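Working through the structure, step by step
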Amino acid sequence: MGRFDHRPKADPYCQAVYQFCPTGSPDGSIPVMKDADVIEVFRLQAPVWEFKYGGLLGRFHIMHDAIGFRSTLSGRNYTMEWYELFQLGNCTFPHLRAEAEAPFWCNQGAACFFEEIDDQHWKQNGTLEKVSEMTGAQFNEMAKWIRKDNETGIYYETWTVQTDPGPNPAVWFDSYDCSQFVHRTYRKLADMGVSFTSQLQTNYTRIFLYSGEPTFLGNDTTIFGAAGNKTVASDIKRFYHPFRPPQSIKDFLVSLLEIYERVVLEKSFYLYYNYEYWHLPMKPPYIRITYEEIPLPRIHKKP
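We now turn to the structure provided with this report. (Residues numbered from 1 in each chain as written. Predicted model: local features only at pLDDT ≥ 70, side-chain atom pairs only at ≥ 80, totals over all residues. Heavy atoms only, no water.)

A few words on the environment of Pro26. Examined against the element boundaries, Pro26 turns out to sit in the segment before β1 (38-47). The exposed category is assigned to Pro26, whose relative accessible area is 88%. Sequence separation between Pro26 and Cys112 is 86 residues; the distance between their C-alpha atoms is 9.7 Å. (Helix = DSSP H or I, 4+ residues; strand = E, 2+ residues; numbered from the N terminus. Buried < 20%, exposed > 50% of the residue type's maximum accessible area, 1.4 Å probe, protein only.)

The space that makes up the second largest pocket amounts to roughly 790 Å³. Phe20, Pro26, Asp27, Gly28 and Asn150 are the residues nearest the centre of the second largest pocket, which is lined by 36 residues in total. A total of seven residues in the lining of the second largest pocket trace back to one element, the largest contributor, which is helix α5 (residues 136-152). Here the residues of the lining of the second largest pocket are counted per class, giving 19 nonpolar, 10 polar and seven charged. (1 Å grid on protein atoms, 1.4 Å probe; cavity = no way out; pocket = protein on both sides within 12 Å on 5 of 7 lines; lining within 4 Å. Points joined across faces, edges and corners; volume = space filled by probe spheres on them. Nonpolar A, V, L, I, M, F, W, Y, C, P; charged D, E, K, R; others polar.)

With that out of the way, let us pick up empty space enclosed by the protein. For the structure on display, the rule yields one cavity of 30 Å³ or more. Of the volumes computed, that of the largest cavity is approximately 80 Å³. Taken together, 14 residues form the lining of the largest cavity, with Cys91, Thr92, Trp105, Glu157 and Tyr272 sitting closest to its centre. The set of elements that each furnish at least two residues to the lining of the largest cavity consists of α3 (88-92) and β10 (268-273). For the lining of the largest cavity, the leading source of residues is β10, giving four residues. Partitioning the lining of the largest cavity into residue classes produces 10 nonpolar, three polar and one charged.

With 31 residues, the main nonpolar core has Phe69, Met80, Met134, Phe139, Met142, Ile146 and Tyr186 as its most contacted residues. Of all the elements in the fold, those that place two or more residues in this core are β1, β2 (63-71), β3 (77-84), β4 (109-115), β5 (127-135), α5 and α6 (178-191). When sequence neighbours within four positions are dropped, the list of residues in contact with Met142 reads Phe69, Met80, Met134, Thr185, Leu189 and Met192. In terms of nonpolar packing, the next biggest core, distinct from the first, is built from 27 residues, Phe93, Trp159, Leu209 and Leu271 among them. (Core = buried A, V, L, I, M, F, W, Y, C linked by side-chain atoms within 4.5 Å. Contact = heavy atoms within 4.5 Å.)

Dropping the structure here:
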């Protein structure tokens, strides 16, 4: 996922069903710690939408990841996570608006930092595990990096696209989601000299699409503009039609058949990535949700 020089203002059309970061600071600020403080770091993981489905999605290894912190001087606990401003469906698929020629995307993701760690939420069906300690000075350095990361990495990307599920595949597009944010933060801490002590296996959810070499199609202007490619424009909108929100149960079942036809039978998928559209020639096994091990980073000692 590319980096941007600023975060655009959200369009009023984009409305979240659940408020983003309701108990966090409105400006996204992170409290300053005393340099000599010792900050405990916790790995947090629980099923997506646990508040609605309990541990059900955990059985399919569809998990949400976050990081917890505890100040030993103040005793205060904090949670930091990265997720969608307008929920996952809006980040993954666009709206097809009658007044707009191009598909309309409500896609932004951001970091949320708030006081307290909900122990029951993370422990009940997931993980709450201490993985490291750092100084207050290191925490403050991390907070500056988080703000920069948050201002330049603005879009959520659900899919990892690669050639096959085997070893050493070619990766066409990488995901940019909650687990990737956790990995970036862990790597930043390791670069700062923070050591991770946990020996437990760390697993994270990833959603893969399997494809041959993608074909670049263009952006909103070159595809949907006055001089655009009408055939490609029509096919992209036809592809996204079954995914449109919201739908009745009956319409959704019909849509599933359409999705199967496009992705599996026609071996076709249209990906929107960094303001641009790509066509993916899909290959078996087409799509897979995995729960793969990604070790905690280690400090590389200088020779």
